[in-house]
Amino acid sequence: MTPPQDHKKEPVQLLNHGSIAVIFIDNPPVNALSHAVRQGIVSCLKAAETDNNVDAIVVSCSGRTFIAGADISEFGQPALEPHLPDVLAQLDECSKPIIAALFGTVLGGGFEVALSCHYRVALTNTNLGLPEVTLGLIPGAGGTQLLPRLAGVEIALQMITSGKAETAKKLFEHGVIDLLVEQGPINPGETLLQQAIVFAQNIAKKGEKIRRVSEISIHNNEHHSELFDQWRKKLAKKARGQNAPQCCINSIENAVLLPFNEGKKREREFFITCRDSSQSVAMRHAFFAERRAAKLPAAYDKTQNVTLLPIKQVAIVGAGTMGGGIAMCFANAGLSVILLEMSEDNLTRGLLAIRKRFEQALNRGLIDHVQLEQRMSLIVGTCNYEDLSEVDLVVEAAFETMAVKRQIFATLDQVCKLEAILASNTSYLDINEIAQSTARSHKVLGMHFFAPANIMKLLEVVCADDTDEQTLKTVMALGKKLGKISVAVGVCYGFVGNRMYSCYGREANMLLLEGASPDHIDTAMKNWGMAMGPLAVTDMSGIDIAYKARQENPALKQDPLYFRAADLMVEAGRLGQKTGAGFYRYDSDARTPQVDERVLAVFSNEAKILGVVQRGDITEKEIQNRLVFALINEGARILAEGIATKASDIDAIWLNGYGFPRHLGGPMCYADEIGIDTVVEGIKLYQQQGNGLYWHTAQLLEQLIVSGEKLSQQ
Ligand code: 3H9
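Predicted model only: the values in this text are computed from it and were never measured.

(A) Examining the domain arrangement of the protein chain more closely. Taken as a whole, the protein chain is organised into domain 1 (7–275), domain 2 (299–489) and domain 3 (497–642 + 646–713). Using only C-alpha atoms to locate each centre, domain 1 and domain 3 end up separated by 45 Å. Contact with domain 1, which involves four residues of that partner, is made by six residues of domain 3. Looking at the side of domain 1 facing domain 3, the largest losses of area belong to Thr-134, Arg-240 and Gln-242, adding up to 90% of the total buried there. Remark: the boundary between domain 1 and domain 3 carries zero salt bridges.

(B) Just the sheet that holds strand 8 (residues 166–167), in detail. Pairing within the open sheet is mixed, and its three strands lie in the order 5-7-8. Every interior strand has two partners, whereas the edge strands, strand 5 (105–107) and strand 8, have only one. The sheet contact formed by strand 7 (residues 127–129) and strand 8 spans two bridges and is antiparallel. When the bridges of strand 8 are listed, Asn-127 appears paired with Thr-167. Each of strand 5 and strand 7 touches helix 3 (residues 109–116); the most contacted strand, strand 5, lies at about 85° to it.

(C) Molecular detail of the site of the ligand. Around the ligand lies a shell of 28 residues, among which Gly-109, Glu-112, Glu-132, Arg-291 and Lys-295 are the nearest. One of the side-chain nitrogen or oxygen atoms of Arg-64 is found 2.8 Å away from an oxygen atom of the ligand. Within the contact set of the ligand, an oxygen atom lies 2.7 Å away from a side-chain nitrogen or oxygen of Glu-112. Alone, the ligand offers 1,000 Å² of accessible surface; in the complex the protein occludes 75% of this. For the shell around the ligand, the secondary structure elements donating two or more residues are strand 5, helix 3, helix 10 (260–275) and helix 11 (278–292). In terms of residue count, helix 11 provides more of the shell around the ligand than any other element does, three residues in total.

(D) Geometry of the nonpolar core. If you look at the biggest cluster of nonpolar residues, it comprises 102 residues, and the most contacted ones within it are Phe-583, Ile-632, Trp-654, Leu-701 and Leu-711. Looking at which element gives the most residues to this core, the answer is helix 24 (residues 620–641), with ten residues. A domain-level breakdown of this core finds at least three residues from each of domain 2 (299–489) and domain 3 (497–642 + 646–713). Once residues within four sequence positions are removed from consideration, Leu-711 is found in contact with Ile-632, Leu-639, Ala-647, Met-668, Ala-671, Asp-672, Ile-676, Leu-700, Leu-701 and Leu-704.

(E) Summary view of empty space enclosed by the protein. Tallying each qualifying case throughout the model produces one cavity of 30 Å³ or more. Volume-wise, the largest cavity comes out at about 30 Å³. Every residue lining the largest cavity is listed: Ser-517, Pro-518, Asp-519, Phe-583, Tyr-584, Val-595, Asp-596, Val-599 and Leu-600. Counting only elements with at least two residues in the lining of the largest cavity, the list comes to helix 19 (518–528) and helix 23 (597–610).

(F) Representation of the packing of helix 21 (residues 543–551) against helix 22 (residues 564–571) within the structure. Contact pair helix 21 / helix 22: the axes reach a minimum separation of 10 Å and the direction vectors enclose 110°. Between helix 21 and helix 22, the angle is such that the two are roughly perpendicular. As for the relative orientation of helix 21 and helix 22, their crossing is left-handed in sense. Judged by residue contacts, Ile-543, Asp-544, Tyr-547 and Arg-550 of helix 21 engage Ala-566, Asp-567, Met-569 and Val-570 from helix 22. Across the contact of helix 21 with helix 22, the residue classes tally to five nonpolar, no polar and three charged.

(G) Spotlight on the sheet that holds strand 14 (residues 421–424). The eight strands lie next to each other as 12-11-10-13-14-15-16-17, forming an open sheet whose pairing is mixed. Lying at the two open borders of the sheet, with one neighbouring strand each, are strand 12 (379–382) and strand 17 (485–489). Going from strand to strand, the sheet's axes swing by 25° on average, the running direction of each strand aside. One ladder, built from five bridges, connects strand 16 (residues 458–462) with strand 17; its direction is parallel. Looking at the pairing, Glu-460 lines up with Val-487 of strand 17. Its contacts with the sheet place helix 15 (residues 402–415) against strand 10 (313–317), strand 13 (393–396), strand 14 and strand 15 (444–449), and it is angled at close to 165° to strand 14.

Reading guide: rules and limits
Along every chain, residues carry numbers that run from 1 in the direction the sequence is written. This being a predicted model, a pLDDT of at least 70 is required before a residue's local features are given, and a value of 80 or more before pairs of side-chain atoms are given or counted; all residues contribute to the totals for chains, interfaces and linings. Side-chain figures throughout are based on the complete set of non-hydrogen atoms in the structure, without hydrogens or water. Where a domain begins and ends is set by an automatic assignment or by a domain database. What makes two residues a contact is simply this: any of their non-hydrogen atoms within 4.5 Å. Note: buried area is the sum, over both parts, of the accessible area (probe 1.4 Å) each one loses when the two are combined. We count a salt bridge whenever a side-chain nitrogen from Lys or Arg sits within 4 Å of a carboxyl oxygen from Asp or Glu. Whether two strands pair depends on DSSP finding at least two bridges between them. Numbering of helices and strands runs from the N terminus; a helix is a DSSP stretch of H or I covering at least four residues, while a strand is a stretch of E covering at least two. To get an axis, a line is fitted to the C-alpha atoms, and for a helix only the part in contact is used. The angle between two axes follows their N-to-C directions and goes from 0 to 180 degrees. Nearness here has a simple test: a residue counts as near a molecule or strand if at least one of its heavy atoms is within 4 Å of that partner. Side-chain atoms alone can form a polar contact between residues adjacent in sequence; in general such a contact is a pair of N or O atoms within 3.5 Å, and within protein one must be able to donate a hydrogen while the other accepts it. For every accessible area listed, the method is Shrake-Rupley and the probe measures 1.4 Å; residues are considered covered only by the protein chains on display. Definition of nonpolar core: a set of buried residues of the types Ala, Val, Leu, Ile, Met, Phe, Trp, Tyr and Cys, connected through side-chain atoms within 4.5 Å. Only protein chains enter the accessibility calculation, which uses a 1.4 Å probe; a residue is then buried when its area is under 20% of its type maximum, exposed when over 50%, and partly exposed in between. Here the term cavity refers to a set of points on a 1 Å grid, laid over the protein atoms alone, in which a 1.4 Å probe fits but cannot get out; the term pocket refers to an open set having protein on both sides within 12 Å along at least five of seven lines, with lining residues being those that place an atom within 4 Å of a point. Grid points are joined across faces, edges and corners, and a volume is the space filled by probe spheres set on the points. Geometric relationships in this document are graded by angle, where less than 35 degrees denotes roughly parallel, more than 145 denotes roughly antiparallel, 65 to 115 denotes roughly perpendicular, and other angles denote oblique. Each crossing gets its handedness from the near helix: less than a right angle anticlockwise from the far helix is left-handed, clockwise is right-handed. Each residue is assigned to one of three groups, with Ala, Val, Leu, Ile, Met, Phe, Trp, Tyr, Cys and Pro labelled nonpolar, Asp, Glu, Lys and Arg labelled charged, and all others, Gly among them, labelled polar.

Spelled out as structure tokens, the structure:
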């Protein structure tokens, strides 16, 4: 919305439009309900209510959105009055009609402000939601009491427990929005604010009794108690280990069972318990970690106002699973893609696989037929490098072999225009070495996508020694356009994510030789909170992939125990799901892992050969600690080496690329939660137990114990 002419730099102002007063909020970037905004609303409301010339009040905002929620950065600090629920009670109880003028992303406390007003006018494309659950919270200013009163219990359960937003158009159908306003030429010259003022004038003219959402009653019936039980069960499974979703259900149930003020009081109690819980601290850390990732450290950000290179057409080398997924990513963002393969057969197969994956999205209702065809039309295949001469960016997604990569990059360097950026999707290999096969090493970097590339949110942007700032910043901005969480990392074997993952996987492999079964290890990690166990994950992605990468790195071959269990599977032709067997067997249902006693015999036999003592006393706790402490220790090393420049980047990587439980905040945040001293004690214990080769405490952890600082804040 454009600020009015008489706009001054106050977070909240009262503006008069005849008999209509406008409470106008201007708190960039998203009009969050900071302390100053809450104070401003209260004083403007009081002035408008006591002004005899005012008949009705409109609440409106400046900038790109109506209020997008409470100010999350204030949650860790002492709460200052007026508290949001008290501010909203004053809106609800106001003797003059209040109309909210909604646009942009009306979220959390912002939606609660709207629900506490008496009427809601919204631009059709407004998104409204209560995303508190994604921060380990419940709506704490009336959302769980007001939304079911206005939209019904089922819509409230769906929206509040998922945290997902709905469009104003849909909520209009459910009675949440009173007037939809089309943007643009349909109402030439009329802004949302003008429409809201006209609406307010009409309401004032009619002089009807004010319609307060708090006064709507919900009829309690048997259907409701069954419904709440079903949702409790469903969420116990879906949001395993999380407290906030259950609190949301309980609080919505209170809206049915209790008078409004009592329900709101209980909601506040739930909110405070959730807000002060370690789960919410972790999820708020995750929120800021993902946003901080976009901010480059000083070393990568020396020049202000770098002109970004325009990226309109890209090429992908390799139409396999990864290359196909990356092509889909770009097409989803409206960019045209040339897909290069070595043979017509491979190309046809790759394009068909892409179509099939778009069709899956169609069947799940994520895209429609028109979008499917539009996206397919953006992807053009070729077997000829010359066709890549005009592209702005190439992403290579070919075999994980240095010789192959060097050859591809040398060819790309010959055929592509000089300004083109050349990126590799390698998961492990040295980007510096790849860059040296070109005469434009300043334009070479890594774009490490995660499978399935069209779905996973993470993009590691690997900055090599020569990569220049313009190239890095262009690719970081491109990542955002693709809807990714882009994290800039440095070059080392496996970068941040896979280097840490190999420590995690290494311990899982050691435990297999020591006598733990694949199922025992996977169950322990799932119980701890991971989306999948490490061995089921390896079976899914193919055990041979990391095997090949290990073969490329001679430094890893010195320890005969290192990933020996995985190597044994590959040597036996058990490559995972794709061969019907890996750490598990896959019978009729190719995706459901079945315990296979035969692999236990293979491991126990190998343990004897290698002199590893098998133990029957391995507990879930030992499995969890060994895998997670290995992650934390390596993360601390990566940080000290500058491969990751902030601890929160490591957390953003693990949350978005490896299924790390969000309510634990990422490995660095989790280390603070359980205490760095606990982690170091564990590491020392494992060192004494005979795993000395790998268990050396990262110096940074020792330093933090002395300084008392937090790992996640580094
Ligand atoms: C709540 O409301 C609780 C109540 O029920 C009860 C209270 C008693 N606070 O994401 P972007 C910053 S809980 C503080 O890059 P976009 C963000 O850090 C809250 N800061 O932009 C970033 O800062 P910087 C419920 C916030 O266009 C900048 O704004 N609400 C907040 O991609 C731009 O953010 C939510 O959970 C905030 N609430 O997306 C909504 N929101 O530039 C959370 C944003 O320094 N916000 N910032 O890095 C969002 O989902 C997205 O930011 C939004 C814009 C969709 C609004």
